[in-house]
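An overview of the molecular structure
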Amino acid sequence: MKKFKKSLFLILALIMALTSLTACGSKDDADAAKSGEAITAKIIEIDLTVEEYAFGIDKTQPELLEQANAFIAQIKEDGTFDDICNNYFGDGVPVAVSSAPLDPNKDQLVVATNAAFEPFEYMEGDYYYGIDMEIAARFAEYLGVELVIQNMEFDAVCLSVGQQKCDIAMAGLTIKEDRKEYVNFTDPYYNAAQKLIIKSNDSSFDDCTTVQDIEAILTEKGDTIKIGVQNGTTGQFYSEGDESWGFAGFPAETIGYKNGSLAIQDLLNDNIDYVIIDSAPATCITESINEMLTGSGSFKRKVDKFVDIFVEQDGYKKVVEGLKNTLLIAVLGLVIGILIGTIIATIRVLPKYKVLPRVLNGICSFYVGLFRGTPIVVQLLVFYYVMLPIMGLHMTGVNVAILVFGLNSAAYISEIMRSGILSVDPGQMEAGRAVGLSYGTTMVKIVIPQAVKNILPTLGNEFIALIKETSVVSFIGAADLYVAFNYIGSNSYEFMVPYLVMAIIYIVLVLLISLGIKIMERSLRKSDRRS
Amino acid sequence: MIDVVNLEKSFGENKVLNGINVKIEKGDIICVIGPSGSGKSTFLRCLNCMEDPTGGEIIFNGVDIADPKVDINIHRRHMGMVFQHFNLFNNKTVIENIMLAPVYVKCKETKKARKKDRTIKYNKKEIQKEAREQAMALLERIGLADKADVYPSTLSGGQKQRVAIVRSLAMNPDVILFDEPTSALDPEMVGEVLDLMKSLANDGMTMIIVTHEMGFAREVANKVLFIDDGQILESGTPEEFFGNPKNPRLKEFLSKVL
C-alpha cells in the first residue's frame, strides 16, 4: 500500500511538471497575441562576404586530390552538380545517402563532416542528406569504393583529416590559409556567402543597399551588441575579425554556437541581437523556425514537430541507442570502478610496517590524487586524443568513455570503500584471522560485504552522479542521450521540447536507480534485523 | 604443547610484556588473572600472534610460531580463540559462522592434495554437507539448533558467546584461548557460558583463559597465573594460589576482588 502511494505521488509530480510546462507554452502564445504578431527572424539579402567551398584532402594522399579535382570538373561539366543543387534549392527531391560501418580491412572513402549544416549536410533518421553528401556518394562510386561518413563537431573536421582518421573533409569547408596546415584543398565547387539575420521588428537595416552600409551600422553600434555565429565558420572570423581573411571585425561581442539554429533560437529569445551565418543554411533555418512561430499554439507545434521526428524519422532509434550507450557507460564504469576501487581501498588499509604495502599505498594515493584532481572532460580528451594516438591504439568513443569513467569513479569509490572498511568493527578481522583465514580471505568474505552494506547509500550517490556525468562523452564522439536529443533538436531547429524530454528521461532513470538501491539495501540489511 | 620462552612485547616505547616463561601441557586448564593493564590480554593475544611478539619464542607443537617467516594461518587453525565481544561474523548466519573456516580450509587442503595426487576427488558440495552436519551437531550440543539459520544480531550475549565457542571448536583445535569470555555478558548469562566451558574442560580440551571469574578459576583450573607489569609474579594450583598466596601484590589483588 505504501509503495502504491509512493508511485502515485511520483506520477502526480511528473504530470504537474508537464502541465506547468504546457502552461508556460500557452502563456507564450498569449504574449504573442498581445503584441499582435509573433517576432520572427528575417534575413538581410546582402552578401556580407563571398567565399569558396572546397573539399579538404588528407595530405598523405596526393593521388586522391587529383582524382577529386578531376571528379569536380566532370560533375560541373556534365550538369550533375546543378542537378544536385536543384534537389535542395530548386524543385528536386533530396536523395538519401547511407554510410557503411568503418572497416580498416576494406577499401573505403572515409568522409569527415558535421551534419548540422543544411542544405550541405544534415541527417534524417540514419540517412545523410545534403549537397556535400550526394557529391560524396557519387565520388565514392566514381572511385569504386565504399562510402563511410563520420559525423563530428565542425571544429574537429579538419583535425581528423589532418590526423589521418578520415580521408576527406566534406563539410561546406571554406578555403582558408590556416586550414591548409591540416588538409590539401581541392578546386572550389561552390561560392558561398555570409548573411545577416535579424529580428523581424528590427528596422535598422531596412535602408541598406550595400555591404558597407551594414558594416557601418554594425560598427556604429559599438560593443553594446552581441552577434551570434556558428563555431569555426567564416561568420565567426568575419564577426571577430581575422587577419588571414582580411576581416576587420566588429567591436560587438561575438558569441559562438554549436550550430546556426541554436544561434537563431537565441536571437529570438532576445539573448543576442544579430546572427551571421552561411546564407544557404540561414534560409532553411529561418524558414523552419518562422513557420513554427507564426500562428497560434506554438508549444503544441513544437511538440508535434518533436513527435514527428521522434516517431516518423526514427528519432526514437537514436534515443534508444543513446540511452543504451549512457547506461552502458555508467553501469560498466561503475563495475570497473567498484573492482579497482575495492582493490585500492584494501591496499590503503593494509598494515604499513612493511615496505611493499607502503610503496603500493604511495602508488594508490597518487592514482586517487590524479583522477580526483582533473575534470572528467579533461581525462576523456587526454585519453582519446593524446594517449591513444601515442600508444597507437584504436578504440571507439564509447569504449574509451567506459574505461575513463571506470578509472575515474575508481578513485572516488576507493575512498568510499575505505571509509566503509574502517567502519567495520576490527573484531571481525581478528575473528577471521583467529580461525586461520588469511588477511585477504577475511577481507573478501567478511569485511568487504559488511563495508558494502554500510556504504550502499553513498555508492548509489556515486552511480547517480555517474549517470549524469556521462552527458559529456560527446566530446570524444560517443553517442549518448545528449547526442540523440541534440540530433533531434538540430534537425527540427527546435531545442525546447527535446531538451525537456531529455531532462525527464534522466529524472526517470535516477528515480529507478534510487528505487533499486533501496531494494538492495533492504535485502542487505537482513542481518541487522533483531526479530 | 606450548612452550613460551622469554616472551616480550612492546608497543613503541611502551613495554607491555617483560619476559614471560610458561609451559603448557596437553589437557591443562590455565586461568590467567591480574589487574587491568597488567598485560594478561596481550599475553594471550601473543600466543596465536594476533599481536606479533617483539622478542622471545612461542614453541607450538615443535614450531616457533613467533618467527615471522612461519605461515601463521596454518598454526592458528589448531588454536581456537574466543573474544570478549564474541566477534561473530555479522554478515553470516549462525551455522555459516561455524562452517566458514572448516569448509574453506578443507577445500584448500583438498585442492592442494589433488595437485600431488590426481586420484583425490574434490567435491565442494560434499565438504559443505559434512561441515553442516558437524556444525548442527555442535549447535545441538549447546541447545541452539533452532537458531542455525538466523543472523547473530538476533541472539542474546550468552547465545552469541556459546556460538563463538563452538565456532572455534569446529576446527578441532589443540587448544582454545579465551580472552575474558564473560566480561561483556549480563550477569544472568555468565552461567551458561561457564557451564559450556566446564563441559569442554571435562572433555579434556586444553584451555587458556584470561578471566575475572575467581570462582570458576578455583573450581576448574589446574593452574592459575598471576600477571602484573608484564611478568608472571605467581603461579600454582588453585588451592595454594588462592589459599596461600605469597606475592604481596597478589595478596593485595585478591583482597580487592574476593
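Residues numbered from 1 in each chain as written. Chains lettered and ligands numbered in written order. Predicted model: local features only at pLDDT ≥ 70, side-chain atom pairs only at ≥ 80, totals over all residues. Heavy atoms only, no water.

**With respect to the overall build of chain A**
- When helices and strands are counted, chain A shows 18 helices and 14 strands.
- Evaluated residue by residue, chain A yields a buried proportion of 49% over its 531 residues.
- Sequence separation of 24 or more characterises 77% of the internal contacts of chain A that already satisfy a separation of 6 or more.
- For chain A, the accessible surface area stands at approximately 25200 Å², while carbon and sulfur atoms represent 59% of it. (Helix = DSSP H or I, 4+ residues; strand = E, 2+ residues; numbered from the N terminus. Buried < 20%, exposed > 50% of the residue type's maximum accessible area, 1.4 Å probe, protein only. Contact = heavy atoms within 4.5 Å. Areas by Shrake-Rupley, 256 points an atom, 1.4 Å probe, with all protein chains shown as cover.)

**Considering a nonpolar patch on the surface**
- Side chains of Val378, Val382, Tyr385, Val386, Met387, Ile390, Met391 and Leu393 of chain A sit close together on the surface and give an oily, nonpolar patch of about 680 Å² of accessible area.
- Relative to the elements of secondary structure, Tyr385 of chain A occurs in helix α13 (residues 376-391). (Patch = residues over 30% accessible without salt bridge, like charges linked within 9 Å, V, L, I, M, F, W, Y side chains within 5 Å. Salt bridge = Lys/Arg side-chain N within 4 Å of Asp/Glu carboxyl O.)

**Quick word on helix α4 (residues 124-141) of chain B**
Residues and elements named next belong to chain B.
- Here α4 is 18 residues long and its end C-alpha atoms lie 26 Å apart, about the 26 Å a rise of 1.5 Å per residue gives.
- Those residues of α4 that sit buried are Ile127, Ala131, Ala135, Leu138 and Leu139. Viewed along the axis of α4, the buried residues span an arc of 105°, placing them on a single side of the element. Away from its buried face, by an angle of more than 90 degrees, α4 presents the exposed residues Lys125 and Glu140.
- Turning to α4, the residues buried within the fold contact α3 (94-116) and α5 (157-169). (Expected span 1.5 Å × (residues − 1). Arc of directions from axis to C-beta.)

**Quick look at the sheet that holds strand β9 (residues 223-228) of chain B**
Residues and elements named next belong to chain B.
- One open sheet accounts for 6 strands, arranged β6-β7-β8-β3-β9-β10; its pairing is mixed. Strand pairing shows two members of the sheet lacking a second neighbour, β6 (79-82) and β10 (231-236), which therefore form its edges. Ignoring strand direction, the axes of neighbouring strands in this sheet form an average angle of 20°.
- Note: β6 against strand β7 (residues 175-179), 4 bridges, orientation parallel. Residue Gly80 lies in a different strand from β7, and its bridge partner there is Ile176.
- Packing against the sheet, α5 makes contact with β6 and β7, and its axis sits at approximately 170° to β6. (Pairing = 2+ DSSP bridges. Axes fitted to C-alpha atoms, helices over the stretch in contact; angles between N-to-C directions.)

**Looking at the pattern of salt bridges**
Residues and elements named next belong to chain A.
- Scanning the entire structure with this criterion turns up 21 salt bridges over all chains.
- In this structure, Lys199 and Asp270 form a salt bridge, with 2.5 Å as the shortest nitrogen-oxygen distance. Taken as a pair, Lys199 in strand β11 (residues 190-199) and Asp270 in the loop between α8 (260-268) and β14 (274-278) lie far apart in primary sequence, 71 residues in all.
- Lys199 gets classed as buried once you look at its relative accessible area, which sits at 13%.
- The exposed category is assigned to Asp270, whose relative accessible area is 56%.

**A word on the environment of Ile309 of chain A**
Residues and elements named next belong to chain A.
- Relative to the assigned elements, Ile309 resides in helix α10 (residues 298-312).
- In this structure, the C-alpha to C-alpha distance between Ile309 and Tyr487, residues 178 residues apart in sequence, is 10.0 Å.
- Excluding residues that lie within four positions of it along the chain, Ile309 makes contacts with Asp314, Gly315, Ile488, Asn491 and Ser492.

**Here's the deal with the pairing of β10 of chain B**
All names here are of chain B.
- Examined bridge by bridge, β9 and β10 share 5 bridges and lie antiparallel to one another. Across the sheet, residue Leu225 finds its bridge partner in β10, namely Ser235.
- From the end of β9 to the start of β10, which pair antiparallel, there are 2 residues, and Asp229 there has a positive phi angle of about 55°.

**Considering the environment of Gln134 of chain B**
Residues and elements named next belong to chain B.
- Here Gln134 shows up in helix α4.
- Counting along the chain gives 36 residues from Gln134 to Ile98, while the straight-line C-alpha distance between them is 9.1 Å.
- In this view, Gln134 contacts Ala170 and Asn172; residues no more than four positions away in its chain are not counted.
- In terms of polar contacts, Gln134 uses its side chain to reach the backbone carbonyl oxygen of Ala170, at 3.1 Å. (Polar contact = N/O pair within 3.5 Å; in protein donor to acceptor, adjacent residues only side chain to side chain.)

**Focus: a positive patch on the surface**
- Among the surface-exposed residues, Lys445 of chain A together with Lys108, Lys111, Lys112, Lys115, Lys116, Arg118 and Lys124 of chain B lie close enough to one another that they form a single positively charged patch.
- Sort the elements by how many residues they give to the positive patch and α3 of chain B lands first, with 5 residues.
- With respect to the secondary-structure elements, Lys111 of chain B resides in helix α3.
- Overall, Lys111 of chain B belongs to the partly exposed group, its relative accessible area being 47%. (Lys, Arg positive; Asp, Glu negative; His and termini not counted. Charge placed at Lys NZ, Arg CZ, Asp CG, Glu CD.)

**Examining the side chain of Arg433 of chain A**
- Within the element layout of this structure, Arg433 of chain A appears in helix α15 (residues 426-434).
- Within the local environment of Arg433 of chain A, its side chain forms a polar contact with the side chain of Asn73 of chain B, the two groups lying 3.1 Å apart.
- Those residues in contact with Arg433 of chain A, other than ones at most four positions away along the chain, are Ser438, Tyr439 and Thr442 of chain A together with Met50, Ile72, Asn73 and Arg76 of chain B.

**With respect to the interface of chain A and chain B**
- Each side of the interface is counted separately: chain A has 24 residues, and chain B has 25 residues.
- Across the chain A to chain B interface the summed buried area is about 2100 Å²; carbon plus sulfur atoms make up 55%.
- It is Ala434, Val435 and Ser527 of chain A that lose the most area in chain A upon contact with chain B, and together they represent 25% of the buried surface on that side.
- Here chain A and chain B share 1 salt bridge between them.
- Across the salt bridge formed by Arg45 of chain B and Glu430 of chain A, the nearest N and O atoms sit 2.6 Å from each other.
- For the pair chain A and chain B, the interface holds 10 residue pairs in polar contact (both at pLDDT 80 or more).
- Broken down by secondary-structure element, the contributors of at least two residues to the side of chain A that touches chain B are α15 and α16 (439-469) of chain A. (Buried area = accessible area lost by both parts, 1.4 Å probe.)

**Concerning the packing of α16 of chain A against helix α18 (residues 496-524) of chain A**
Residue and element names in this part refer to chain A.
- Running from amino to carboxyl end, α16 crosses α18 at an angle of 165°, the nearest separation of the two axes being 10 Å. As judged from the angle between their axes, α16 and α18 are roughly antiparallel. The handedness of the crossing between α16 and α18 comes out as right-handed. Contact residues: α16 offers Lys453, Leu456, Pro457, Gly460, Phe463, Ile464 and Ile467, while α18 offers Tyr506, Leu509, Val510, Ile513, Ser514, Ile517, Met520, Glu521 and Leu524.
- Taken together, the residues that form the contact of α16 with α18 break down as 12 nonpolar, 2 polar and 2 charged. (Parallel < 35°, antiparallel > 145°, perpendicular 65-115°, else oblique. Left-handed = near helix turned anticlockwise from the far one by under 90°. Nonpolar A, V, L, I, M, F, W, Y, C, P; charged D, E, K, R; others polar.)

**Regarding the nonpolar core**
- Ranked by internal contacts, the top residues of the largest apolar core, which has 91 residues, are Leu109, Ile135, Leu380 and Phe405 of chain A.
- In terms of residue count, α16 of chain A provides more of this core than any other element does, 11 residues in total.
- Both domain 1 (53-189) and domain 2 (324-530) of chain A contribute no fewer than three residues apiece to this core.
- Excluding residues within four positions of it along the chain, Phe405 of chain A makes contact with Ile329, Gly333, Ile376, Leu380, Leu466, Glu469, Thr470, Val472 and Val473 of chain A.
- In terms of nonpolar packing, the next biggest core, distinct from the first, is built from 53 residues, Leu185, Val190, Met197 and Leu250 of chain B among them. (Core = buried A, V, L, I, M, F, W, Y, C linked by side-chain atoms within 4.5 Å. Domains from an automatic or database assignment.)

**A word on the packing of helix α14 (residues 397-423) of chain A against α16 of chain A**
All names here are of chain A.
- At a closest axis distance of 8 Å, the pairing of α14 and α16 adopts a crossing angle of 140°. Taken as axis vectors, α14 and α16 run oblique relative to one another. Considering the relative orientation of α14 and α16, their crossing is right-handed. Of the residues in α16, those touching α14 at Phe405, Ser409, Tyr412, Ile413, Ile416, Met417, Ser419, Gly420, Ile421 and Ser423 are Met443, Val447, Ile448, Ala451, Val452, Asn454, Ile455, Thr458, Leu459, Glu462, Leu466 and Glu469.

**A few points about the environment of Asn201 of chain A**
- Mapping Asn201 of chain A onto the fold places it in the loop between β11 and α6 (211-220).
- On a C-alpha basis, the gap between Asn201 of chain A and Thr40 of chain A in space is 8.0 Å, while along the polypeptide they are 161 residues apart.

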